[in-house]
Amino acid sequence: MSERIYIFDTTLRDGEQSPGASMNTAEKLRVATQLEKLGVDILEVGFPATSEGDFEAVSAISGKIRNAQIAALARANIPDIDRAWEAIKDAAYPRIHTVIATSDLHLKYKLNMTREEVIQRSVEAVKHAKKFTDNIEFSAEDGSRSDRDYLCKVFEAAIEAGASTINLPDTVGYAVPEEFAELIKYVRVHTPNIHKAIFSVHCHNDLGLATANTLAAIVAGARQAEVTINGIGERAGNASMEEVVMAINTRPNYFPMTTGIKTEYFYPTSRLVSMITGIQVQPNKAIVGANAFAHESGIHQDGVLKNPMTYEIMKPETIGLNTNKMVLGKHSGRHALRAHLNDMGYVLSAEELDKLFIKFKELADRKKHVLDEDLEVLVAEGLLQTKDVFSLEYLNVIAGTTVLPMASVKLIINERSVQGAGYGNGPIDAAFNTISRLTGTTSELMRFSVSSLSGGTDSQGEVTVRLKENGLEAMGRGADPDIITASTKAYINGLNRLEYLKAHPLKISESAIEE
Ligand code: KIV
Ligand code: ZN
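Residues numbered from 1 in each chain as written. Chains lettered and ligands numbered in written order. Predicted model: local features only at pLDDT ≥ 70, side-chain atom pairs only at ≥ 80, totals over all residues. Heavy atoms only, no water.

Caption draft 1: How the structure looks around the coordination of the zinc ion (ligand 2). On the protein side, the zinc ion (ligand 2) has Asp14 (OD), His202 (NE2) and His204 (NE2) as donor atoms, found 2.0 to 2.1 Å from it. Within one chain, the residues serving as donors to the zinc ion (ligand 2) are arranged as D-x187-H-x1-H. Separated by 190 residues along the polypeptide, aspartate 14 in the loop between strand S2 (6-9) and helix H1 (25-38) and histidine 204 in the loop between strand S8 (198-203) and helix H8 (210-219) bring together distant segments of the chain. According to the relative accessible area criterion, histidine 204 is buried, its value standing at 3%. (Donors = N, O, S within 2.8 Å, 3.2 Å for Na, K, Ca; no water. Helix = DSSP H or I, 4+ residues; strand = E, 2+ residues; numbered from the N terminus. Buried < 20%, exposed > 50% of the residue type's maximum accessible area, 1.4 Å probe, protein only.)

Here it is in C-alpha cells:
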C-alpha cells in the first residue's frame, strides 16, 4: 500500500517573506481558501509575533478554514508561543510550529547560546506549547548544517517534551540530494523516539535543489514536505509544491506514495498566487510555467499530435490547464456571475456582487470573453484590497512619434480629489512622474514587467511593478485591456501597498528567526 505524504504549505508564511510579496488579510484569506480547495493538509499562515497585521491574518484564516490544519510560527520563547496560540485557537485543527537554530554557526553568532541551552530552550518551548495543543511541530533551523549527533539529541528531547512533528530544514539551501537523504536516514536511525513523530523537511532553493532535496528526503523516510506554490519564499524560494507533488504522481514506481492534493487546481492556484503577490512565474518553470506544456519544435509537435505520450509525461488537464473553458460575456447575468464565482471559491454578499457586477459589465463591454483570470483580477482589485489611500479617477495620455509624452491624472487621495499633468520620456513615465508628484511619494521603481493575462489579442495586459521607499518594498499589479492604464493601476496599487506597510510595521524581522 502506498504511504501518505503530508503536504505542509508555507506560501503564506515563508512565501510571504519573498521581497515585496506581503499580502493583506483579505488576500491571505483568498489564498488560504484556494489552498484548502487544493487539498493541502497543513497551512502555515503566518508568524503572529512579527506584526499586528500577521496576527490579524492568522486569526481570520483560523476562523474560516475548516478542512486543513492551521499552523502558526513561533520562536522558541513563551511570548511568541502565546501569541501564536492566541491567533490559531479558533482553528478547526490548530498547530503550533516552534523553531530554534541548531547549527554551531547560528548558536555562536546569532543566538549566543550553548548547545545545552538550546536543548533546554527547545524543551521549555515544546512543553509550553503542549499546554495549548498536542499538535506541535518543532523545527531545527539550519538543521542541514548542524552536527548530526547533536541534531538527534535535540530532536529526541523535543519529541520527549511532546513534539508530534519534527522538521529538518535546509534553511540556506546548502544540501545536495544524496547527502540530505543520508542525513535523514542517520537521524531516523539515531533518534531513539523518532517513531513517535512525523518526520518533516523544509528545503530552500539557493542551489536550485529544493525539489530534488525534498524528494530525496521522502525516499529516505520523511513523511511531511514543506513547500510553497510557485516555489516562492525567502531568497531563491522554497521547494515548489506543484513540482514535488507532480513528481510523486508521475513516477509512482519510484515514489510509492500518495498525497491529498487535487492536482487539477494547481494551475489556477499558481495564477492566483502570482497575481496576488505580484511575483510572476518564469515561463520555463516546471509544471505551471507558460511553456511547460508548449511544444515548439516541429518534431515534437508532430510526435505529440500522433500520441501525446511521445513528448508529454503529464497531461495538461491534470494540473488544470486547458480545462478552464467556461467563459462569461456581456450577455451573462448576475446569476451566472455569482454561480461562476462560487465555483471559483468566492462567496460574495449581495452588496459585493452588485459592486463586482458593474465592473464585470464594464470589462465585458471592452473584452469579448471574460475568463477566470479576468474575474480573479476584478475580485482582487474590487474586493481584496484594503481601504486604499490613493485611487485613480482618470488618466489621459498623449504619446506618439512626434509629441512629447504627457499625462493628465486625477486621483482621489484620502477622499480628496487632486489633479495634475506632467511629462516623461514615454507615456508610462509621464503618468508615474505625475502620480509621484501628486501623492508626494518618492518610491524607486525597481522592476516593471508586462505580460498578457490570457491568450488572444483582446487579452488584458497585466503589469507588475516593484517599488521601494525608505527601505520598504512592495509589489503592485494592475490589469486592463490598455497597458498604459494597467501600468498606472499597478503603480498606484504598489503605492497603496507601501502605505499599508508604513501603517503595519514589523515588530521583528520575519526573515531573521533571532532571539
Ligand atoms: O528555512 C527555515 O529554516 C524556516 C524555518 C522556520 C522552518 O523557514
Ligand atoms: Zn524557510
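Caption draft 2: Focus on the site of ligand 1. Taken together, 11 residues surround ligand 1, and among them Arg13, Asp14, Thr171, His202 and His204 come closest. Between aspartate 14 and ligand 1, the recorded distance is 3.0 Å, taken from a side-chain N or O atom to an oxygen atom. Taking histidine 204, its side chain carries an N or O atom lying 3.0 Å from an oxygen atom of ligand 1. Taken by itself ligand 1 offers 260 Å² of open surface, and the protein chains cover 95% of this. Its residues assigned to classes, the shell around ligand 1 shows three nonpolar, five polar and three charged. (Near = heavy atom within 4 Å. Polar contact = N/O pair within 3.5 Å; in protein donor to acceptor, adjacent residues only side chain to side chain. Areas by Shrake-Rupley, 256 points an atom, 1.4 Å probe, with all protein chains shown as cover. Nonpolar A, V, L, I, M, F, W, Y, C, P; charged D, E, K, R; others polar.)

Caption draft 3: Main features of the nonpolar core. Judged by nonpolar contacts, the single largest core of 121 residues is most densely connected at Met241 and Leu341. Ranked by residues supplied to this core, first place goes to helix H6 (residues 148-161) with nine residues. Setting aside anything within four residues of it in sequence, one finds leucine 341 in contact with Tyr346, Leu348, Leu353, Leu356, Leu375 and Val379. Formed by 24 residues, the second largest nonpolar core is a distinct cluster that contains Ala431, Ile435, Leu438 and Val465. (Core = buried A, V, L, I, M, F, W, Y, C linked by side-chain atoms within 4.5 Å. Contact = heavy atoms within 4.5 Å.)

Caption draft 4: Quick peek at the domain arrangement of the protein chain. By the assigned domains, the protein chain splits into domain 1 (3-285), domain 2 (317-383) and domain 3 (390-503). The partner domain 3 presents 14 residues to the 14 residues of domain 1 that form the contact. The contact between domain 1 and domain 3 buries some 1,100 Å² in all, and 40% of this surface belongs to carbon and sulfur atoms. At the boundary of domain 1 with domain 3, the tally comes to three salt bridges. Put simply, glutamate 462 and arginine 271 hold a salt bridge, and the shortest N to O gap is 3.6 Å. Inspection of the domain 1/domain 3 interface yields seven residue pairs in polar contact (both at pLDDT 80 or more). (Domains from an automatic or database assignment. Buried area = accessible area lost by both parts, 1.4 Å probe. Salt bridge = Lys/Arg side-chain N within 4 Å of Asp/Glu carboxyl O.)

Caption draft 5: Representation of the sheet that holds strand S15 (residues 461-469) within the structure. Pairing is antiparallel in the open sheet, where three strands are placed in the order S14-S15-S16. The open sheet has two edge strands, strand S14 (444-452) and strand S16 (472-480), and neither has a second partner. Strand-to-strand twist across the sheet, computed as the mean angle between neighbouring axes with direction ignored, equals 15 degrees. Where S15 lies against S16, nine bridges are found, and the strand directions are antiparallel. When the sheet's bridge partners are listed, glycine 461 is paired in S16 with aspartate 480. (Pairing = 2+ DSSP bridges. Axes fitted to C-alpha atoms, helices over the stretch in contact; angles between N-to-C directions.)

Caption draft 6: View of the sheet that holds strand S11 (residues 390-398). Spatially, the three strands line up as an open sheet ordered S11-S12-S13, and their pairing is antiparallel. Since the sheet does not close on itself, it has two edges, and those belong to S11 and strand S13 (416-423), each with one partner. Each neighbouring strand pair of the sheet contributes to a mean axis angle of 15 degrees, computed without reference to strand direction. Sheet topology places S11 next to strand S12 (residues 406-413); eight bridges connect them, and they run antiparallel. The residue of S12 that forms the bridge with asparagine 396 is serine 408. Packing of helix H15 (residues 427-439) onto the sheet brings it into contact with S11, S12 and S13, and relative to S12 it is tilted by some 35 degrees. The strands that helix H16 (residues 483-503) touches are S11 and S12; relative to S11, the one it contacts most, it runs at about 150 degrees.

Caption draft 7: Expanded view of the pattern of salt bridges. Within the structure shown, the criterion is met by 30 salt bridges. Each of Arg13, Asp14 and Glu44 takes part in one network of salt bridges that share partners.

Caption draft 8: Focus on helix H13 (residues 350-366). The end-to-end C-alpha distance of H13 is 25 Å, a good match for the 24 Å that 17 residues give at a rise of 1.5 Å each. Every buried residue of H13 is accounted for by Leu353, Leu356, Phe357, Phe360, Leu363 and Ala364. Take H13 and look down its axis: the buried residues cluster within an arc of 130 degrees, on one side only. What points out from H13, more than 90 degrees from its buried face, is the exposed set Glu351, Ile358 and Asp365. In this structure, the buried side of H13 is in contact with helix H12 (334-344) and helix H14 (372-384). (Expected span 1.5 Å × (residues − 1). Arc of directions from axis to C-beta.)

Caption draft 9: Focus on the pairing of S8. Along S8, five of the six residues are buried, which leaves the element largely enclosed by surrounding structure. As paired strands, strand S7 (residues 165-170) and S8 are joined by six bridges and run parallel to one another. Bridging from a neighbouring strand, leucine 168 pairs with valine 201 of S8. In this fold, S7 hands off to helix H7 (residues 177-190), which returns the chain to S8; that crossover is right-handed. Here S8 pairs with strand S9 (residues 224-227) via three bridges, running parallel. Along S9, the bridge assignment pairs serine 200 with glutamine 224. What joins S8 to S9 is H8, and the crossover it makes is right-handed. (Right-handed = clockwise from strand over helix to strand, strands pointing away.)

Caption draft 10: Summary view of helix H10 (residues 266-277). Spanning 12 residues, H10 covers 16 Å between terminal C-alpha atoms, matching the ideal 16 Å at 1.5 Å per step. Most of H10 sits out of view: 10 of its 12 residues are buried. Those residues of H10 not exposed but buried are Phe266, Thr269, Ser270, Arg271, Leu272, Val273, Ser274, Met275, Ile276 and Thr277. Looking at the buried positions of H10, the neighbouring elements they touch are H1, helix H9 (241-250), H14, S15, S16 and H16. Directly after H10, the chain includes glycine 278, whose backbone phi takes a positive value near 80 degrees.

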